[in-house]
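A closer look at the structure
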2 protein chains.
Amino acid sequence: MTDRAQGAPIRVALLGCGTVGGEIVRLLTDQADDLAARVGAPVELVGVAVRRPHKHPELPAGLVTADAAGLVTRDDVDIVVEVVGGIEPVRTLLLEALKAGKSVVTANKALLAEDGAVLAEAADASGADLYYEAAVAGAIPLLRPLRESLVGDRITRVAGIVNGTTNFILSSMASSGAGYTDALEEATRLGYAEADPSADVDGYDAASKAAILASLAFHTRVTAADVHCEGIRTVSAADIAAAASLDCTIKLLAICERVPSEDGAADAVSARVYPAMIPSAHPLASVDGAFNAVFVEAEAAGQLMFYGQGAGGAPTASAVLGDLVAVGRNLVVGGRGPRESTYASLPVLPMGAVSTRYHVSLEVADRAGVLAAVAREFAQHDVSIAAVRQYGGGRNGGSAGGSAAVRLVVVTHAAPDSALASTVEALEGLDAVRGVESVLRVEDLGRSVSALGVTG
Amino acid sequence: MTDRAQGAPIRVALLGCGTVGGEIVRLLTDQADDLAARVGAPVELVGVAVRRPHKHPELPAGLVTADAAGLVTRDDVDIVVEVVGGIEPVRTLLLEALKAGKSVVTANKALLAEDGAVLAEAADASGADLYYEAAVAGAIPLLRPLRESLVGDRITRVAGIVNGTTNFILSSMASSGAGYTDALEEATRLGYAEADPSADVDGYDAASKAAILASLAFHTRVTAADVHCEGIRTVSAADIAAAASLDCTIKLLAICERVPSEDGAADAVSARVYPAMIPSAHPLASVDGAFNAVFVEAEAAGQLMFYGQGAGGAPTASAVLGDLVAVGRNLVVGGRGPRESTYASLPVLPMGAVSTRYHVSLEVADRAGVLAAVAREFAQHDVSIAAVRQYGGGRNGGSAGGSAAVRLVVVTHAAPDSALASTVEALEGLDAVRGVESVLRVEDLGRSVSALGVTG
């Protein structure tokens, strides 16, 4: 605890003052009266730690400091708000703050996904609050609903679009027919992608969020390392077109599932991120641009959808301030907020054991028996074929000879990832197969479309 | 406070055991271990008050009682869960419970919309919790996000579909072309409408929810009496068809808006419920059947959407149990949850002062000058016309004579409700006007469609 006197102002230290931090400072000023009325005490910014103080003439000179370590443990600080991002030095700073009894509000998905347990323990030990609504899906209230509103229910799945950059890129590829590289350039030019886009396009950002969502939804601990992660660099214009021809759309999905065990053992958890084909009629398919949308399925509640802006200065600041007011209210009544519970130590299913459907595109020789040979490999690896389609060529595996190539597209029923992987390996060994052009997962996302009654 | 010992079970009294109550009892049993782990103490059902105990053989005899008044103040009760509904005797029972220091979890929208302030004061006085997530939009986490997640932001509008019965009826009218009466019969047969449907079809249920939403969103007190309320009985197949011809869909909307004052005075609040035409491309238009969906607009967060099942035993029970766990956690740490704040005493705008657009359908004589006469009345009442369309007849107000009738449809720009009302009155006075067939509001719901980036 801190030395705060009852009724005294809630004193806030801010770490980082970029786009989000700047919005936080603005809102703390513009809405000071409302915030004070909602908290039950004035909310006062007592310090802002930035790397280069001289670069922030917009901030009152008295507030700015380069000494973050000194700021987070200052006696006159009640809450530390962190919008710097990254692991170090932030991890050390926040642990120091929590040990000193300061409550922490952070938007740091990477740190939470890697060391959430350590931070939670530190908060428990000192009786401080640790809130991080802004870490996932920006302004969309998602973590609090999972942690509190749905805490009396059994959540079975959380699936959605949680990275705006990749959704913007995939949306523009779909609408313009552009390739990945061009779409990424456009996203960078418009400020939707960072100079180094890898955290977004390689799926790491979404994976961190998936770890946080799975932990809260299933009351267990899932870290970023537990999340199977594939990005969108390999998604081609041809893939997008192939999806469209099947009335599907390709989205980068974060999927967290509770997988019932067959042998009566404890359920397992699956957390994964990858681009997948989803039916174009599914509500998630029409989530364009930088927006986020997340589906939650629970046994009693049924299906829920949350939709909104997943990033940006103002939306993220809104989530941070919501947590700030919550922590402030707790301080005013001398208490603390409810913890997330992590009593259920559920095993995380390896990707190889996760079953999904697949869309496999092959370049094969246009000659007799090729289709039969390909089908045989799928059968031998217990991957059941739902549909096969041949593009180009005229003999669809009928007559003799010829070195022309045709494209063969196979859509499978649900099969374990490991079985599909060995099938693909075997296919590449067939001399009639010139190459496996692409392997895309197909996610039906359950009965969502009809159940949601969404017409399109 | 109660005489509960630390670590002791959280003892729950249930009022009412119909569809929702039955689900609550089932979930309390089936998920006992999970709930105990999440609360930090076992959750124990110690009594169920019902009108006719002998009608509930499914409940342990020891638990059932007809003496609700006795149950709610029993020393061994920590939390009272109410799923009876209606004003009395529930109001008295819950006030007694709160006065006795019992925390209350209720799904009673009518009581909260009428006497929320009294209940909140009683809870404050005794330091008890008062939670009611289930009162609005069933399982959709909506009240907690408004009260907590968005508490650092300035909410400008909450608009949505919050009554499943009327949405089911309007959806089936739109898809089948059926009239209101047939659609209502179908809804009743399928269990989506009650024997006496007036609370739903006359909009009272939605109005209660609008009052609760407006109170939380704008940190002020709005009661059901403050909500302008129109139901769907007067919506005809012709209205639905007229809407469709304009690429619109008719939905019963609950709309809560923060209306900036022009003269620098305090903002006002508008809370209203009525059937309105909305663009078919708007996400709310594709919410079919008994589902609910609510849009929230906030200055920093931007636009958010919440979607899910708004009613039914299991979804409602999910929301009730979420609150039950929240209250339980508070009891375990010896504290209480954050209150909603109602510091802002914002005036409620009378409907006459609320501006919306209108779709007016008139039956007029098919003769010279009619259109001019009609247009003059709109102009004289300062209601600007956006478009006029004539159906039937051949002379569109051109040539002379004739007693044939044609239909004239006028779509206006935004105008105050009072101006439109006096315009309609004046139109009915014109002898060329055989009758005003229908007056429907048109809600564009802001920049939602494009801002949401929803393609379909």
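The following refers to the structure shown. Just so we're clear, the structure is a prediction, and the values are computed from it rather than from any experiment. Numbering of residues begins from 1 in every chain and follows the order in which that chain's sequence is written. Note on labels: chains are lettered from A, ligands numbered from 1, in written order. Totals for whole chains, interfaces and linings use all residues, but because this is a predicted model, local features are given only for residues with pLDDT of at least 70 and pairs of side-chain atoms are given and counted only at 80 or more. Computation of side-chain values covers all heavy atoms of the structure but excludes hydrogens and water.

1. Some details on the relation of the copies chain A and chain B
Superposing the copies works by least squares over the C-alpha atoms of residues that have pLDDT at least 70 in both of them. At an RMSD of 0.0 Å, chain A and chain B line up after a rotation of 180° and a shift of 0.0 Å along the axis. Given the turn and translation reported, the copies of this chain are related as if by a two-fold rotation axis. Residue Phe306 of chain A, judged by its C-alpha, is the member of chain A lying nearest the rotation axis, at 2.5 Å.

2. What about the packing of aromatic side chains?
Put simply, two rings from Phe, Tyr or Trp (the six-membered ring, in Trp's case) pair if the centres are within 6.5 Å, and we call them stacked under 30 degrees between planes, edge-to-face over 60, tilted for the rest. The tally for this structure, following the rule as stated, stands at five aromatic pairs over all chains. Between Phe168 of chain B and Tyr192 of chain B the ring centres are 4.3 Å apart and the planes differ by 25°, which places this aromatic pair in the stacked class. Here Phe168 of chain B is found in helix H7 (residues 164-176), whereas its partner Tyr192 of chain B is found in the loop between helix H8 (180-189) and helix H9 (198-201), with 24 residues between them in sequence. Residue classification places Phe168 of chain B among the buried residues on the basis of a relative accessible area of 12%. A relative accessible area of 39% means that Tyr192 of chain B is categorised as partly exposed. Pairing Phe291 of chain B with Tyr307 of chain B gives two aromatic rings, centres 5.5 Å apart and planes at 20°, and the pair type is stacked. Here Phe291 of chain B is found in strand E11 (residues 291-298), whereas its partner Tyr307 of chain B is found in strand E12 (residues 302-309), with 16 residues between them in sequence. Pair check on accessibility: Phe291 of chain B and Tyr307 of chain B agree, each one buried. The ring of Tyr131 of chain A carries Arg147 of chain A above its face, with NZ or CZ at 5.0 Å from the centroid. In this text, helices come from DSSP runs of H or I with a minimum length of four residues, and strands from runs of E with a minimum of two, each type numbered from the N-terminal end. Type-normalised accessible area, obtained with a 1.4 Å probe on protein chains alone, sets the label of each residue: buried when under 20%, exposed when over 50%, and partly exposed for intermediate values. Each ring is checked for a lysine NZ or an arginine CZ that lies within 6 Å of its centre and within 35 degrees of its normal; such an atom marks a charge sitting over the ring.

3. A short note on the sheet that holds strand E5 (residues 103-106) of chain A
Note: strands within a sheet are paired through backbone hydrogen bonds, in either parallel or antiparallel orientation. Residues and elements named next belong to chain A. Two strands qualify as a pair provided that DSSP identifies no fewer than 2 bridges between them. Taken together, six strands build an open sheet; the order of strands is E3-E2-E1-E4-E5-E6 and the sheet is parallel. The strands lining the two open edges of the sheet, one partner per strand, are strand E3 (64-65) and strand E6 (130-131). Summarising the sheet, E5 and E6 pair through two bridges and their orientation is parallel. Following the sheet pairing, Val104 is matched in E6 by Leu130.

4. Digging into helix H11 (residues 237-245) of chain B
Residues and elements named next belong to chain B. Within the sequence span of H11, burial applies to Asp239, Ile240, Ala242 and Ala243. What you see down the axis of H11 is that its buried residues fit within an arc of 160°, all on one side. Residues of H11 that are buried in the fold lie against H7, strand E9 (248-259), strand E10 (268-279), strand E13 (355-365) and strand E17 (433-442). The positive-phi residue at the C-terminal boundary of H11 is Asp247, with phi of around 55°. Taken from the helix axis, the directions to the C-beta atoms give the arc we talk about. Residue contacts are counted whenever heavy atoms from the two residues lie within 4.5 Å of one another.

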